[in-house]
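Survey of secondary and tertiary structure
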Amino acid sequence: MKNRHFNLITEPWIKVLDENYQELTVSMEEVLKNARHYRQLAGEMRSQDLVILRLLLAVLLSVYQRVNADGEPYEGLTIDDAWQVEVDSDLDFEDLIEEMQETWQTLYEGGEFSQAVFDYLKAYEDRFDFFGEHAFYQVSREFYDAHVPAKNQVAKGTGTVAIKQINRNISESGNSIAVFTPRTNTFKNQLSIDELVRWVLTYQNYTGVTDKTKVNRADKFSVSSGWLYNLYPVYAQWTNLFETLLLNLTLFENEQDKYSQPKPVWEWTTESYLKERIDETVPDNLGQVQNVGVN
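Figured I'd write up the structure that's included with this text. Note on numbering: residues in each chain are counted from 1, in written sequence order. Per-residue local features of the predicted model are confined to residues with pLDDT of at least 70, and side-chain atom pairs are confined, for both listing and counting, to 80 or more; whole-chain, interface and lining totals are unaffected and use all residues. Hydrogens and waters are ignored; side-chain quantities use all the structure's heavy atoms.

1. Structural notes on the packing of aromatic side chains
Aromatic pairs are defined between Phe, Tyr and Trp rings, using the six-membered ring for Trp, whenever the two ring centres lie within 6.5 Å; interplanar angles under 30 degrees are classed as stacked, those over 60 as edge-to-face, and all others as tilted. On inspection of all chains with the given rule, the structure shows 10 aromatic pairs. With a centroid separation of 5.2 Å and 45 degrees between ring planes, the pair formed by Tyr120 and Tyr124 is classed as tilted. Exposure categories follow from relative accessible area, calculated using a 1.4 Å probe and restricted to protein chains: below 20% of the type maximum is buried, above 50% is exposed, and the middle band is partly exposed. Note on Tyr124: relative accessible area 9%, which makes it buried. Put simply, the rings of Phe128, Phe136, Tyr137 and Trp266 pair up and form one aromatic cluster. Any Lys NZ or Arg CZ found within 6 Å of a ring centre and within 35 degrees of that ring's normal is scored as a charge over the ring. Sitting above the plane of the Trp268 ring, Lys263 keeps its charged end 5.5 Å from the centroid. Note that Arg277 overlies the ring of Tyr273, its terminal NZ or CZ placed 5.3 Å from the centroid.

Here is the structure:
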């Protein structure tokens, strides 16, 4: 897989309904550029659509919590080439909230997301490659084997999950056969690349504890299920995907009293993200909350 590439920013994998109710498969770049021309996300399940909606929101939060609709950093914030923020000591948070509200209003009135979104995606393009060096929402087999008990290592023939279990249209484990499925036994472990991407992201967010392996840690701890597994999420949906995204784009929290830089999973190194999960650190920013289910 080292020479294989499938970049989620530019390759088609997100299913949507267009204005004529035709199903299309588009890239992240296309869905964000043309969101007002799509009625809604249209994946295999509504639960899958929620995962992709939260991913898109994490991208938008990572941009518009740092810059305004014109792509300019908010007053009191300095941003480097990697979009990392240095906060001025004299930042007025109330003024920042007003600026963010103006950004939201400008986007809503303009009916589209600004160039800053695509500049941000370009800066992190290599982190959105499903098969790349930093495979999206994944770790390498070597990294996995180095951090789990020996009995659960892939090299020992364990620590894997079949595609037919990841594909929730089938959801067949090694312990019981799913009889009434849309695929025969011959094809249960086969998926196109775009299907695989959608189901891996969904699986990351919803998987239960029985499908997980504990990482090596000095003290005992309980394995957590996927973030969305135990939630009862509610989100607003309007006449097109742009409006749906914007209605769910909360740039600050009601009780928030200081600036928290967005920190989605693709901005972390694998090692530092693993440490956060081992330490069970609670996310302090909305960008991370949108994809905290990746564990």
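Now that the structure is up, let's keep going.
2. Regarding the environment of Asp92
Runs of H or I in DSSP of at least four residues are treated as helices and runs of E of at least two as strands, each being numbered from the N terminus. Among the secondary structure elements, Asp92 is positioned in the loop between strand S5 (85-87) and helix H3 (93-110). Between the alpha carbons of Asp92 and His134 there is a distance of 37 Å; along the sequence they are 42 residues apart. Two N or O atoms count as a polar contact when they lie within 3.5 Å, although within protein this holds only if one can serve as hydrogen donor and the other as acceptor, and sequence-adjacent residues are included solely when both atoms are side-chain atoms. Within the structure, Asp92 has its side chain in polar contact with the backbone nitrogen of Asp95 (distance 3.1 Å).

3. Some words on the packing of helix H2 (residues 46-64) against helix H4 (residues 115-123)
Fitting a line to C-alpha atoms yields each axis, with helices limited to the stretch in contact; the angle taken between N-to-C directions then spans 0 to 180 degrees. Two elements in contact, H2 and H4, have axes separated by 9 Å at closest approach and are oriented at 105 degrees. As judged from the angle between their axes, H2 and H4 are roughly perpendicular. Note on element contacts: H4 touches H2 through Ala116, Val117, Tyr120 and Leu121, opposite Val59, Leu60, Ser62, Val63 and Tyr64. Residue polarity follows a fixed list, in which Ala, Val, Leu, Ile, Met, Phe, Trp, Tyr, Cys and Pro are nonpolar, Asp, Glu, Lys and Arg are charged, and the others, Gly among them, are polar. For the contact of H2 with H4, the per-class residue count stands at 8 nonpolar, 1 polar and no charged. Should an angle fall under 35 degrees it is taken as roughly parallel, and over 145 as roughly antiparallel, whereas 65 to 115 is taken as roughly perpendicular and any remaining angle as oblique. Contacts are assigned to residue pairs that have any heavy atoms within 4.5 Å of one another.

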